[in-house]
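Next come the chains, spelled out residue by residue.
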Amino acid sequence: MNPSPFLQVHGLTRRYGGVAALDGVTLDLARGQVTGLIGPNGAGKTTLLNALTGLARPEAGTVLLEGENVTGLPAHVMAAKGVVRSFQIVRELSSLTVFETLLAAPPAQSGETVTGALFGRRKWWAQERANADLARALLERVGLVKLADQSSAMLSGGQKKLLEMARALLMKPRLILLDEPGAGVSPPLRLEIVRLVRELKAEGLSFGIVEHDMHLVEEVCDHVHVLAQGRALVSGTFAEATADPRVVSAYLGVAA
Ligand SMILES: Nc1ncnc2c1ncn2[C@@H]1O[C@H](COP(=O)(O)OP(=O)(O)OP(=O)(O)O)[C@@H](O)[C@H]1O
């Protein structure tokens, strides 16, 4: 039995000058599953993540979240609906600690208008405290709590990825979109990332993962969509998709 679609993307198009970064992408992301978004460089994977999280406005096409049309909604609205993407949050010259970095870009919260801040102070403080408690719990969960008071600039590549995941989790998502969680990560922390994704999936979280590390994709993804030249070329299990001659051709840069 196929899991029900959480997010349905139909005919999504986004151009940059003469380049169609997305050229009518149609695909689904299933509820409670890990969906890999793979494909050669320039295929449109990151643009798709951006279009799904309100960071790149599509020119055509639709995005349905549990059947609701959410096409082109801004990032904070998508986040409030439970769709968030990971970001590089550590700046190399940052003097912030790991804990401060996690809290620095506050999650979408009520009372974010000036009026709200003035008239809802008590609520705002309560929310700040709740965020801080949750942040500490998340650092514990991703294995960074011992580094909470160290400079975030000192983190390794893998630790930065874990902090980015904690940051996305702070927004209490239902669907997390991760951009290359395995890039620049040492083998032990790569295992930690795989463990965390599996554990969160078992708790009901849905994932969309853009990744070039095919071993990682094979390990964690229930399903993959292969993108090429702004379109979804092939979908299936990792084994099915990678055995398809069109996928081999796309990676080799040859038209099938
Ligand atoms: N902000 C932008 N301005 C101009 N062109 C862009 C912009 N963002 C993406 N593009 C172009 O759109 C196409 C798709 O880019 P995108 O980054 O989405 O691909 P990708 O599949 O994520 O690639 P990679 O695997 O190399 O990260 C590329 O040709 C890229 O140069």
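Here the structure is a predicted model, which means the values were calculated and not measured. (Residues numbered from 1 in each chain as written. Predicted model: local features only at pLDDT ≥ 70, side-chain atom pairs only at ≥ 80, totals over all residues. Heavy atoms only, no water.)

Colleague: Honestly, the site of the ligand in this entry has me stumped. Any pointers?
Modeller: Around the ligand, the structure places Y16, V19, A21, P40, N41, G42, A43, G44, K45, T46, T47 and H212. Within the side chain of N41, an N or O atom sits 2.8 Å from an oxygen atom of the ligand. Taking G44, its main chain carries an N or O atom lying 2.9 Å from an oxygen atom of the ligand. With the chains in place, 60% of the 640 Å² that the ligand exposes on its own is no longer accessible. At the level of elements, β2 (19-30) and α1 (45-52) are the ones that each hand at least two residues to the shell around the ligand. Broken down by element, the shell around the ligand gets its largest block of residues, three residues, from α1. Of the residues that constitute the shell around the ligand, the class distribution is five nonpolar, six polar and one charged. (Near = heavy atom within 4 Å. Polar contact = N/O pair within 3.5 Å; in protein donor to acceptor, adjacent residues only side chain to side chain. Areas by Shrake-Rupley, 256 points an atom, 1.4 Å probe, with all protein chains shown as cover. Helix = DSSP H or I, 4+ residues; strand = E, 2+ residues; numbered from the N terminus. Nonpolar A, V, L, I, M, F, W, Y, C, P; charged D, E, K, R; others polar.)

Colleague: Got a minute to help me understand the pattern of salt bridges in this structure?
Modeller: If charged atoms from side chains of opposite charge come close, those side chains can pair. Under the definition given, this model contains 14 salt bridges. Put simply, R85 and D179 hold a salt bridge, and the shortest N to O gap is 3.4 Å. Separated by 94 residues along the polypeptide, R85 in strand β6 (residues 83-85) and D179 in strand β7 (residues 175-179) bring together distant segments of the chain. Close ionic contact of E219 with R190 constitutes a salt bridge, the shortest N to O distance being 3.0 Å. Of this pair, E219 sits in helix α8 (residues 214-220) while R190 sits in helix α7 (residues 187-202); the two residues are 29 residues apart in sequence, bridging distant segments of the chain. Here the salt bridges share partners, and the residues they tie into one network are R141, E192, R195, E199 and E203. (Salt bridge = Lys/Arg side-chain N within 4 Å of Asp/Glu carboxyl O.)

Colleague: Looking at this model, I keep getting lost on the packing of helix α6 (residues 157-170) against α7. Mind explaining?
Modeller: If you want to describe how two helices pack, look at the angle between their axes and the distance between the axes. Closest axis-to-axis distance for the α6/α7 pair is 9 Å, and the angle between their directions is 20°. Considered as vectors, α6 and α7 are oriented roughly parallel to each other. The element α6 and its partner α7 pack so that their crossing is left-handed. Of the residues in α7, those in contact with G158, Q159, K161, L162, M165 and L169 of α6 are L189, E192, I193, L196, V197 and L200. Of the residues contributing to the contact of α6 with α7, the split by class is eight nonpolar, two polar and two charged. (Axes fitted to C-alpha atoms, helices over the stretch in contact; angles between N-to-C directions. Parallel < 35°, antiparallel > 145°, perpendicular 65-115°, else oblique. Left-handed = near helix turned anticlockwise from the far one by under 90°. Contact = heavy atoms within 4.5 Å.)

Colleague: Which parts of the structure should I look at to understand α7?
Modeller: Three or four residues apart is the spacing at which side chains of an α-helix point the same way, because the helix has 3.6 residues per turn. Its 16 residues place the ends of α7 23 Å apart at the C-alpha level, agreeing with the 22 Å of an ideal helix rising 1.5 Å per residue. Three or more residues of α7 are buried, namely L189, R190, I193, V194, L196, V197 and L200. Across the axial projection of α7, the buried residues extend over an arc of 160°, all falling on one side. Exposed residues pointing more than 90 degrees away from the buried face of α7 are listed as P187, P188, L191 and A202. Phi turns positive, to about 105°, at G204, one or two residues after α7. (Expected span 1.5 Å × (residues − 1). Buried < 20%, exposed > 50% of the residue type's maximum accessible area, 1.4 Å probe, protein only. Arc of directions from axis to C-beta.)

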